[in-house]
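Below, each chain spelled out in residue letters.
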Amino acid sequence: FVFIDEESCIGCTQCAQIAPSTFKMIEDTGRARTYSQSNSLDVENAVMACPVTCMHWLSFDELKEMETSRDDGDGRTDHRHFGGRITHTPLHVAGRGSDANHKSSWYHYLKWKCHGSHTCPQRGCYDCPTYAPGENPFFKERHRQAELTRAKDFMESGEADKWRKVVEL
């Protein structure tokens, strides 16, 4: 799954141009957001094309945590060090530089919090700093289980039928 760290996004529109069915630009902030998760090659190309690497591969559990924090916060009110929705405006929208672009983000805060905890690397983060990206053994096992579940759902929903060759005897 791909999560866009909207606090770090500069609004270049690269991802929305490369994979428009997955990424959209939010009009009022000028930042990108993932609207539809996909395993297509376009998504991989869009992630690689991001000039500020604000797009991150995550497990489903991490994605839920990141999106919840992005939308609702974590219950604390003292995160003044974050760029915030109102103070951060991408440079191409503001037309000038901004110190808010140098502040932290939910993604970096939660990653730092995870790495500093006793549960790292057992949480199974894709980009765990203890391992190379995607090489965390806990992530690999979770990902394998998720792929099996996804394949089972794909078969049971009938979506796989269009790929099968049918022969009438």
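Placed above this text is the structure.
Quick caveat: nothing in here was measured; it's all calculated off a predicted structure.

Some points on the layout of surface pockets
Taken as a whole, the largest pocket spans an internal volume of roughly 410 Å³. Around the largest pocket sit 16 residues that line it, and F1, L58, H143, E147 and R150 are the ones nearest its centre. Elements supplying a minimum of two residues to the lining of the largest pocket: α3 (60-72) and α6 (137-156). By residue class, the composition of the lining of the largest pocket is seven nonpolar, five polar and four charged.

A look at α3
Helix length check: α3, at 13 residues, gives a terminal C-alpha distance of 18 Å against a target of 18 Å (1.5 Å per residue), a fit within 8%. Looking only at α3, the buried set comprises E62, L63, M66, S69 and R70. Projected down its long axis, α3 carries its buried residues within an arc of 135°, all on one side.

Here's the deal with unusual backbone geometry
Residue T13 is not a glycine yet carries a positive backbone phi of 70°. As for its placement among the helices and strands, T13 is situated in the loop between β1 (2-4) and α1 (14-18). Given the relative accessible area of 25%, T13 is considered partly exposed. In this model, T53 sits at a positive phi of 45°, which is unusual for a non-glycine residue. As for its position among the elements, T53 is in the loop between α2 (41-49) and β4 (55-57). According to the relative accessible area criterion, T53 is exposed, its value standing at 56%.

Cut-offs applied
Residues numbered from 1 in each chain as written. Predicted model: local features only at pLDDT ≥ 70, side-chain atom pairs only at ≥ 80, totals over all residues. Heavy atoms only, no water. 1 Å grid on protein atoms, 1.4 Å probe; cavity = no way out; pocket = protein on both sides within 12 Å on 5 of 7 lines; lining within 4 Å. Points joined across faces, edges and corners; volume = space filled by probe spheres on them. Helix = DSSP H or I, 4+ residues; strand = E, 2+ residues; numbered from the N terminus. Nonpolar A, V, L, I, M, F, W, Y, C, P; charged D, E, K, R; others polar. Expected span 1.5 Å × (residues − 1). Buried < 20%, exposed > 50% of the residue type's maximum accessible area, 1.4 Å probe, protein only. Arc of directions from axis to C-beta.

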